[in-house]
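Read off the chains here:
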There are 2 protein chains.
Amino acid sequence: AYLPAGADGLANPLGTAPGIMAEAAGKLIICMPGVPTEMECMFGESAAPRLKALAAGQVVVIGKVMCFGAGESTIADKLGRLMQRGRNPLINSTASAGVITLHIVAAAGRKADAEEMVERQRARLVEILGDLVYGCDGQSLAEVVGAALKERNKTLAVAESCTGGLLGKLVTDVPGAGDYFKCGWITYCNEAKIRELGIPAELIEEHGAVSEEVCLAMAQSARVKAGSDYAVGITGIAGPGGATEQKPVGLVYISLDCAEKSLCRKHIFSHSRQNVRLGSAMTALNMLRTEM
Amino acid sequence: AYLPAGADGLANPLGTAPGIMAEAAGKLIICMPGVPTEMECMFGESAAPRLKALAAGQVVVIGKVMCFGAGESTIADKLGRLMQRGRNPLINSTASAGVITLHIVAAAGRKADAEEMVERQRARLVEILGDLVYGCDGQSLAEVVGAALKERNKTLAVAESCTGGLLGKLVTDVPGAGDYFKCGWITYCNEAKIRELGIPAELIEEHGAVSEEVCLAMAQSARVKAGSDYAVGITGIAGPGGATEQKPVGLVYISLDCAEKSLCRKHIFSHSRQNVRLGSAMTALNMLRTEM
């Protein structure tokens, strides 16, 4: 690749496009490729060390608190003036797929001081938000649930209808998921619910495939068939089609079955098919986390 | 919400944060919320009409050609000087999850002329790239495969191991997938392969779960059990653990079974667990597309 005169190339271990670093007019200019994985790798290896050297004398430490189960504005209300701008540590939030990430940004002269500020603030946030907090520093719900299953030496199976494999996908995104995830059924059509999971055809006829009764039977059957400790069932209407007068798009039942209990919750998710499906799978993981 | 003096609020049908539109110093300034779905909706409803009015006298039409099966640089080599900068229509490319999107950007005084330029160029690209082109204008592989299945009145089932439900998820991302997708098995552990799909334990013992033999048996069994016209099987090592001396991380077998044939291909995907899994599921969809 051609480089501007006086610029240095930055190595790209994951692709062919190099980065560029140059100083001009007292500024440091860093260009990196747009592919996220390549950019992140290059940033860590080449850009961050140089930027750290520039920022000598002040340390910024960022800690993250991961939340699920309430919206961004509800969480902001609970935190009140802790989220005021200009504070140190500063707290701000981002939201993605129902996960609210609170970023604690602490600045101090010494790293240990900034870290202590982050940890003190983190403890305060957990105290206020309670069970809404599921983890820290970028952990996914599936990671936290997986770690809890592994720690307790428990196993999981899933039976999915409207999510079509998304819950299994999220669970197995985590390296080592084979330690606790046994298997899943994607019973998208009713015949598969009947044939593979042994759901009585009459149950579907009487209550519909999108019902508490069928959802509970899906989790119960999946647990027995898989021989797992926990099983989760999901059945709903992801849309845009499939709604009836009684059952709107976004209606999803999520069930959890284990030796101690068998429970099912009804949810209404809004917006797009994608949001209904992702919301359902994430809510199923959160149900497993809080009920386990 | 507070608005700057002289600015107009833009309605946000999907959330609470309004947008802002203002004119200052002869420039039009538009601020929109960062949540992608909210931004896209607001852009279409409020920003685009205003921008269109500003650009009267020149029309830019963009057409997209969707490709899968070769890297961005291979496609650029095939297209050669068609991708030179400064041409009209201009062709540039973006890459995501193995999909290469070619953007044909044509500018003309009249919309019909720009559209004709796009269509002429599109035909030329299809002529050069052949089977690498799977669709147009943002279509996903799963949409194209789904439409082909529906058109032929054929059905699909999947049997997934290392992808853990991701293939089923991609297939059912498409609204109306129930017309052709019957069901899937996420046989993550070997016992599930044996118990649910009837894979002989000896086959796994002899060849390993990650083998052509087991992969073919997964697709064949899934097709018979589901009573579907096509079935796809995936088994591999997504990593980072699980590699052996003979079987590296990234090794994935993908099989396709239908009445006419039964075939299996060996792939080695690189980089991360996520890339191995997504690459496997996308390649499975592409195999279905090209072999159907």
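The structure contained in this document is the topic of the report that follows. (Residues numbered from 1 in each chain as written. Chains lettered and ligands numbered in written order. Predicted model: local features only at pLDDT ≥ 70, side-chain atom pairs only at ≥ 80, totals over all residues. Heavy atoms only, no water.)

1. Brief notes about the sheet that holds strand 8 (residues 156-160) of chain A
Then, number 1: A sheet is described by the order of its strands in space; here 10 strands give the open sequence 12(A)-11(A)-10(A)-8(A)-9(A)-9(B)-8(B)-10(B)-11(B)-12(B), paired in mixed fashion. A single partner strand is all that each edge strand has here, and the edge strands are strand 12 (262-268) of chain A together with strand 12 (262-268) of chain B. Across the sheet, the axes of successive neighbouring strands diverge by a mean angle of 15°, strand direction being ignored.
Then, number 2: Bridge count between strand 9 (residues 181-186) of chain A and strand 9 (residues 181-186) of chain B: three bridges; the pairing is antiparallel. By the bridge assignment for strand 9 of chain B, Gly 184 of chain A is matched with Ile 186 of chain B.
Then, number 3: Helix 8 (residues 212-226) of chain A contacts strand 8, strand 9, strand 10 (230-236), strand 11 (251-257) and strand 12 of chain A of the sheet and is inclined by roughly 145° relative to strand 10 of chain A.
Then, number 4: Lying over the sheet, helix 8 (residues 212-226) of chain B contacts strand 8 (156-160), strand 9, strand 10 (230-236), strand 11 (251-257) and strand 12 of chain B, oriented at roughly 145° with respect to strand 10 of chain B. (Pairing = 2+ DSSP bridges. Helix = DSSP H or I, 4+ residues; strand = E, 2+ residues; numbered from the N terminus. Axes fitted to C-alpha atoms, helices over the stretch in contact; angles between N-to-C directions. Contact = heavy atoms within 4.5 Å.)

2. Details of the side chain of His 103 of chain B
Residues and elements named next belong to chain B.
Then, number 1: With respect to the helices and strands, His 103 occurs in strand 6 (residues 99-108).
Then, number 2: Within polar-contact distance, the side chain of His 103 engages the side chain of Thr 94 at 3.1 Å.
Then, number 3: Leave out the neighbours within four places in its chain, and His 103 touches Ile 62, Gly 63, Lys 64, Leu 90, Ile 91, Asn 92, Ser 93 and Thr 94. (Polar contact = N/O pair within 3.5 Å; in protein donor to acceptor, adjacent residues only side chain to side chain.)

3. A short note on the relation of the copies chain A and chain B
Then, number 1: Structural alignment of chain A on chain B gives an RMSD of 0.1 Å, achieved by rotating through 180° and translating 0.0 Å along the axis. What the rotation and shift describe, once combined, is the action of a two-fold rotation axis. Among all residues of chain A, the minimum C-alpha distance to the rotation axis is found for Gly 165 of chain A, at 2.0 Å.
Then, number 2: Taken together, the interface assignments show that 100% of the residues at the interface of chain A recur at the interface of chain B, consistent with an identical surface on both copies. (Least-squares fit on C-alpha atoms with pLDDT ≥ 70 in both.)

4. Digging into the interface of chain A and chain B
Then, number 1: Counting residues at the interface gives 34 residues for chain A and 35 residues for chain B.
Then, number 2: Of the roughly 2,500 Å² buried where chain A meets chain B, counting both sides, 55% is carbon and sulfur surface.
Then, number 3: In this structure, the connection of chain A to chain B is made through four salt bridges.
Then, number 4: Across the pair Lys 225 of chain A and Glu 196 of chain B runs a salt bridge, and its minimum N-O distance is 3.8 Å.
Then, number 5: Summed over the shared surface of chain A and chain B, the result is 22 residue pairs in polar contact (both at pLDDT 80 or more).
Then, number 6: When residues of the side of chain A that touches chain B are traced back to their parent elements, those giving at least two are strand 8, helix 5 (166-172), strand 9, helix 6 (190-197), helix 8 and helix 9 (273-291) of chain A.
Then, number 7: It is strand 9 of chain A that provides the largest number of residues to the side of chain A that touches chain B, a total of six residues.
Then, number 8: Tallied by class, residues from the side of chain A that touches chain B come to 15 nonpolar, nine polar and 10 charged. (Buried area = accessible area lost by both parts, 1.4 Å probe. Salt bridge = Lys/Arg side-chain N within 4 Å of Asp/Glu carboxyl O. Nonpolar A, V, L, I, M, F, W, Y, C, P; charged D, E, K, R; others polar.)

5. What to know about the sheet that holds strand 4 (residues 59-68) of chain A
All names here are of chain A.
Then, number 1: Strand order in the open sheet made by the four strands is 5-6-4-7, with antiparallel pairing throughout. Looking at which strands have only one partner, the edges of the open sheet turn out to be strand 5 (90-96) and strand 7 (133-136). Within this sheet the neighbouring strands show an average axis-to-axis angle of 25°, counted without direction.
Then, number 2: Of the strands in this sheet, strand 4, strand 5, strand 6 (99-108) and strand 7 touch helix 3 (residues 111-129), which is tilted by about 145° from strand 6.
Then, number 3: Here helix 9 sits on the sheet in contact with strand 4, strand 6 and strand 7, set at roughly 90° to strand 4.

6. A look at the packing of helix 2 (residues 72-79) of chain A against helix 3 of chain A
In a packed pair of helices, the relevant descriptors are the angle between the two axes and the axis-to-axis distance.
Residues and elements named next belong to chain A.
Then, number 1: For the pair helix 2 and helix 3, the least separation of the axes is 10 Å and the interaxial angle reads 110°. On the basis of their axis angle, the class for helix 2 and helix 3 is roughly perpendicular. Note on element contacts: helix 3 touches helix 2 through Leu 125, Ile 128 and Leu 129, opposite Ile 75, Lys 78 and Leu 79.
Then, number 2: Of the residues contributing to the contact of helix 2 with helix 3, the split by class is five nonpolar, no polar and one charged. (Parallel < 35°, antiparallel > 145°, perpendicular 65-115°, else oblique.)

7. Let's talk about the environment of Gly 236 of chain A
Then, number 1: Secondary-structure assignment places Gly 236 of chain A in strand 10.
Then, number 2: Exposure remark for Gly 236 of chain A: the relative accessible area of 14% places this residue in the buried category. (Buried < 20%, exposed > 50% of the residue type's maximum accessible area, 1.4 Å probe, protein only.)

8. Here we look at the nonpolar core
Then, number 1: With 82 residues, the main nonpolar core has Leu 156, Leu 167 and Val 232 of chain A together with Leu 156, Leu 167 and Val 232 of chain B as its most contacted residues.
Then, number 2: Those residues in contact with Val 232 of chain A, other than ones at most four positions away along the chain, are Leu 156, Ala 157, Val 158, Ala 159, Leu 167, Ala 219, Ile 254, Ser 255, Leu 256, Ala 284 and Leu 288 of chain A.
Then, number 3: Counting 32 residues, the second largest nonpolar core, distinct from the first, contains Ala 157 and Val 214 of chain A together with Val 214 and Ala 226 of chain B. (Core = buried A, V, L, I, M, F, W, Y, C linked by side-chain atoms within 4.5 Å.)

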